[in-house]
Every structure is written in structure tokens, then in C-alpha cells.
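Coordinate analysis (summary)
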Amino acid sequence: MRRPQDIAPSKTLFGFIIFFIRKQWIKLAFIQFFWLAWALDNTIFPLLFGKIIDGFSNYVGHREYAWAALKTPILSAIGLWIGIEISFRLAGILMAYTFPKLEKQIRMYMFSHIHDQSHAYFSSQFAGNIATKISDMVDNVSHILQLIITLFIPVFIAVIISSFIFYHLSPFFASVLIGWALIHIGIGITYSSRCSYYSYIHSETRSNLNGRIVDSLTNYFSVKIFGNKKYELAYIGALQKVEQRQNKQQVMYIEKVRLILGTLSFFGPGLALNGYAYWCWTHHLISVGDIVLIFNTSWNIIMMLWWSSIELPNFFKEIGICQQALSLIQEHITLLDAPKAQTLKVREGKIQFQKVHFQYGHATPLFSNKSVTIQPGEKVGLVGYSGSGKTTFANLILRLFDIQSGHILIDGQDIAKVTQESLRKAITLIPQDPSLFHRTLMENIHYGREEASKAEVIEAAQKAHAHEFIMALPEEYNTLVGERGMKLSGGQRQRVAIARAILKNAPILILDEATSALDSFTESQIQESLAILMEGKTTLVIAHRLSTLLRMDRILVFAQGKIIEDGNHKVLLAKKGLYQSLWKAQVGGFLPETV
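About the cut-offs
Residues numbered from 1 in each chain as written. Predicted model: local features only at pLDDT ≥ 70, side-chain atom pairs only at ≥ 80, totals over all residues. Heavy atoms only, no water. Helix = DSSP H or I, 4+ residues; strand = E, 2+ residues; numbered from the N terminus. Buried < 20%, exposed > 50% of the residue type's maximum accessible area, 1.4 Å probe, protein only. Contact = heavy atoms within 4.5 Å. Areas by Shrake-Rupley, 256 points an atom, 1.4 Å probe, with all protein chains shown as cover. Core = buried A, V, L, I, M, F, W, Y, C linked by side-chain atoms within 4.5 Å. Axes fitted to C-alpha atoms, helices over the stretch in contact; angles between N-to-C directions. Parallel < 35°, antiparallel > 145°, perpendicular 65-115°, else oblique. Left-handed = near helix turned anticlockwise from the far one by under 90°. Nonpolar A, V, L, I, M, F, W, Y, C, P; charged D, E, K, R; others polar. Pairing = 2+ DSSP bridges.

1. Re the overall build of the protein
Tallying secondary structure elements over the protein gives 20 helices and ten strands in all. Burial status across the protein gives 48% buried among its 595 residues. Long-range pairs, those at least 24 residues apart, make up 77% of the contacts in the protein with a sequence separation of at least 6. Of the roughly 30600 Å² of accessible surface on the protein, a fraction of 61% belongs to carbon and sulfur atoms.

Have a look at this one:
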């Protein structure tokens, strides 16, 4: 669980960025200080050049003695050049240390925040959309800060220094420069802020487009077996047209802003400032060095502000992208650890539902006033038609959803008052359709217990009867399994998942159709391993194939969220209730989906 000081303000982009600036503010301050050399480069150099030219122009003595009169501005210019070069190199070195670290901190914070979201959140999101937003936030926040440090602040300082220098020549020069700079910046901000809106709209569409592309590629097998490539192209193409239109709108608006600012630059310092300087020179009001100073400085400021005007729309565009990506952080986390949540300590594995009420959203309540106790080490089967509440019952124990009222206890500890991490560390779930990481088989099995040795991983694979097929692969345990484990068959994925669960060896075990993807021979082998795994553990087994429940201590029969029958296989058959009907209705060993 994150400490309070690690939680970034998430309501505003400004607060979010400031949070990460504070982590490295000293380095960023030095980078800013060194980058002010650019402002000196474009303002003090022209001043020194002007003095050097005036020195040459006004010198009337013997030229071999001219160095005494010229050395001060020349040596000052050389010293300034060396200082500027050193400043730029130091700034570059600091940026190489600072910005990669800053990007890492933003990426890891967002990644951690997303993983704190609930199961329901991930069920309604495109993974590609989330990944795009994280990448957008990292890249654009970094670029926004670099623009501020290396462009906007140096330009602002350069305008101030130039205005001060021009004022000593003529207040009119300073007035023209300041007036033009204010109008330039004002127009840029006024128009460019609109870019933020267009960028926000475009970024949302682009993220959605990327999410749909990833969704289509993830389900490539369905596309192939239905022969629906043309349908997918049309489906993606429709959204692509919207993205293209919005992208064009955004780019055209940026170019319009640049055209206005470019025209303003031509008539401002380009004509007014330099034209007046020429007039002053013809009337002997300023020297040749002053002309060089004004021409050179005004040109430098024009280029600096022009470059700012080029980047200003992009700056607001990136703000819009970040605002859109910020929605990941602004999304409320619905499942939180309680204040001062304790670590779950499982001594026996007793599970109790006490008057539990649960419903999905505004749907009809699935469980109402449900109470049931599962004794330590008891092996309990869960049976019922689809939608009767079996999987939800298991998910509530894992606290993938919060109940509306009542309590769920494990060894007397309310699972709502313990940390989610410790709760799920104490429970092993083997799902019906396991999803593997696109990593090696060794890494996937090792995921069950991080501190396990290689020998323990191999032992777990042997118990799960996965070792044989793994050793037959060209790279054995170093074989990459593909996205979601698609390089393996369904049965192989299931055996890897079982090996991972065996390695975890948690005191509570939940099997959700864990052997349904296996052939009969392999299932019989796995059942032996599962029997060993279940020893001494509280076990819940969700099954449609009722023959897998014959050795259960109890079988709970669910119907519309209620437990209508409770007993072992023989007792329930003798009751001649729903369980007996389900047993007789099995076709090929499985339950029908509905009555």
C-alpha cells in the first residue's frame, strides 16, 4: 500500500506535474539556471559585438596599440562564449540524469495506480487504450517541462534583458520590443489554448482507436475462423476516419496560429524596430555598433519568439493530450484497503459469510442475507446452473467486489479490514481459462512464488504433469509462451496454471473448472496432483462436471443466489432435489447451461 506522501494530487494536471517536479526540483533548478545561457547568448553577445565594432570604428591611434582599447570587450566575448558552452554541456548532462528518471517515476506511478483499480474496472477498459494513455502522459509531461525550461523561460528572460539594453539606447526601442512581445505572446496563448481542446478530442479518439486495434489483434483467431478481415477493416476504418478528420482540424488550426504570429513578427521588429534603428543611424543618433546591436538582438529575439510560436501550439496540444491521459488518475478507485488495514493471518482457513448482501450495480440482488460457514480444511464443491452465483461466491472471497452489507470472515478476520494483497496471497485460484504472460515458462510458473528456487519450479511442474511437454519444447523452460499463452494448447496452459498454483501453496484453494480443458487421461493425472495440493487446505471447487466432486466433503447447490441444498454426493442424491436432477441431466459428464 502506498504511503500518503507517495500519492500524487490527481484532480489537476498542474498538481500532477508539480508532484513530480518536487521529487527532483534541485536538479531541475540547475538545469534551468544553465539553460539561461541561451538568453545571454542572444542578448549579451550582440552587446559585446556592438562594443567591439565601435571600438574598431572609433580607434584613431596606432593599430599595434589597439589591443589595449579592444581587449576588454573581446576577452569578455570569449569568456562569455566559453561560459555558455560549459552551461549548455552541464545542462545536457543533468537532463540526461533527470528526465529519464522523471519519466520512470511518472510511468511507474500510473502503472501502480492502474493496478489498484478493481476487477470491474478492467472488465470495461481496453488494455491498449490504457497503455496509450500511460505512454502519452510520460512523453508529453517530459516534453512540456523541457519546453518550459529550454525555451519559454529563456525567451522571457531574453526579452527582459533586451528591453533593458534597448531602453538605454532609446525608450522607443524598448517600447516596440515589449509591445510586440506582449502582443505576440497574447495572440499565441489566446489561439493556442484552443489547440488544447482540439488535442484533447483527438487524443481521446486516438486512444480509443489504438484500444480497438489491440482488441482486434488480440482476437485475431476469431477474425480468421469467421473470415471477417474485411469486417474488421471496416470497423476500424470508421473510427480511423474520425481520427483523421480530428487530426487534420488540429494541424490546420496550428498552422493558422503560426501564420498570424509570423506576419506579426515581420511587421513588429522586422520593420518597425529595425526601420527606426536605421532612421536613428542616418540622423547620427546611434553608432554603427548600436546598429549591429539592434539588428543582431532584434533578429535573435525574433527567432526565439518565432521558435516559441512554433512550439506554443504543440505545447497546448501536449497539455490537451496530458489532460486526456489524466483521466486514468482521476478515475475513482472503488476497491480500497481500509484505513490501518492489517495483514491477513490464516491459521486454519475457516471461511464465513455473515448475512451478506451483494448485487452488481443496480441489478437484482444476487445474494441477500446469505450466511454460510466453510470449516478449516473442508473441501466444498459449488454446483448450479450458469448465473446461479457460484463464481461470484468465490470472487467475493477474493474481494474482487465489495459487498453492500454483511461480513465475510477468514479465521475471524473481516476481509474488508485486511490488505487486499495479503488476502490474495493467502488464496490460490486456478481458473477455467488461465491467462499467461508473454514470458518464458520458467517465469510464468515462478510467478506463483517469487522467492522459489529453480528446482522448486521444476518440482511444481512435475506435480502438475507439465514437465513432460515443457522438456519436449526446443527451449524447454526458456520457451516464450506468446501473448496470453497462445503458443500453448488449452490443456498445456491449464497445466502451467496448476503448476503455478502448486508452487504458491496458499492455505485456501479455489478451483474454477480447473481441469475442464484437459483430456481424460491427463485429468486423471492432474486429479492426483490436486488431491495432494488440497491436503490440509480449505478448498472450493466450482464444477460443471459433477464426477469431479465425488470426493468433496460437502457440495453446495446454488440457485438464483441461494444455497438450496447442502451435503455430500450420496446425501444429495438421496434428497432427490436439484442436485439429483443435475446429476441425471449431465450429457458427456457436463451440466447443461440452463434448465
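2. With respect to the nonpolar core
Counting residues in each nonpolar core, the largest one holds 67 residues, and the members touching the most others are Phe-16, Phe-99, Ile-106, Met-110, Met-137, Ile-301 and Phe-315. Per element, the largest residue contribution to this core is 17 residues, and it comes from helix α6 (residues 127–169). Counting residues in each nonpolar core, the second largest holds 42 residues, with Tyr-385, Ile-430, Ala-452 and Leu-511 among its members.

3. A look at the packing of helix α1 (residues 13–23) against helix α4 (residues 67–115)
Packing of α1 against α4 brings their axes to within 10 Å, and their N-to-C directions diverge by 130 degrees. Here α1 is positioned oblique relative to α4, judged by the angle of their axes. Like other packed secondary-structure pairs, α1 and α4 cross with a definite hand, here right-handed. Here α1 contributes Phe-16, Phe-20 and Lys-23 to the contact with α4, which in turn contributes Leu-102, Gln-105, Ile-106, Tyr-109 and Met-110. Split into classes, the residues belonging to the contact of α1 with α4 amount to six nonpolar, one polar and one charged.

4. Examining the sheet that holds strand β10 (residues 562–567)
The mixed open sheet is built from six strands, whose spatial order is β6-β7-β8-β3-β9-β10. Strands with a single pairing partner mark the edges of an open sheet, and in this sheet they are β6 (427–430) and β10. Across this sheet, the average inter-strand angle for adjacent strands is 20 degrees, counted without regard to direction. Taken together, the four bridges between β6 and strand β7 (residues 508–512) define a ladder with parallel strand orientation. Bridge assignment links Leu-429 to a residue of β7, and that residue is Ile-510. With respect to the sheet, helix α12 (residues 390–397) is in contact with β3 (379–383), β6, β7, β8 (538–542) and β9 (554–559), its orientation differing from that of β8 by roughly 150 degrees. Along the sheet, helix α20 (residues 578–585) contacts β3, β9 and β10; its crossing angle with β9, the most-contacted strand, is approximately 90 degrees.

5. Looking at the pairing of β8
Of all five residues in β8, five are buried; the element is thus mostly enclosed. Across four bridges, β3 lies against β8 in parallel orientation. Note that in β8 the partner of Leu-382 across the bridge is Ile-542. Pairing geometry for β7 and β8, over five bridges, is parallel.

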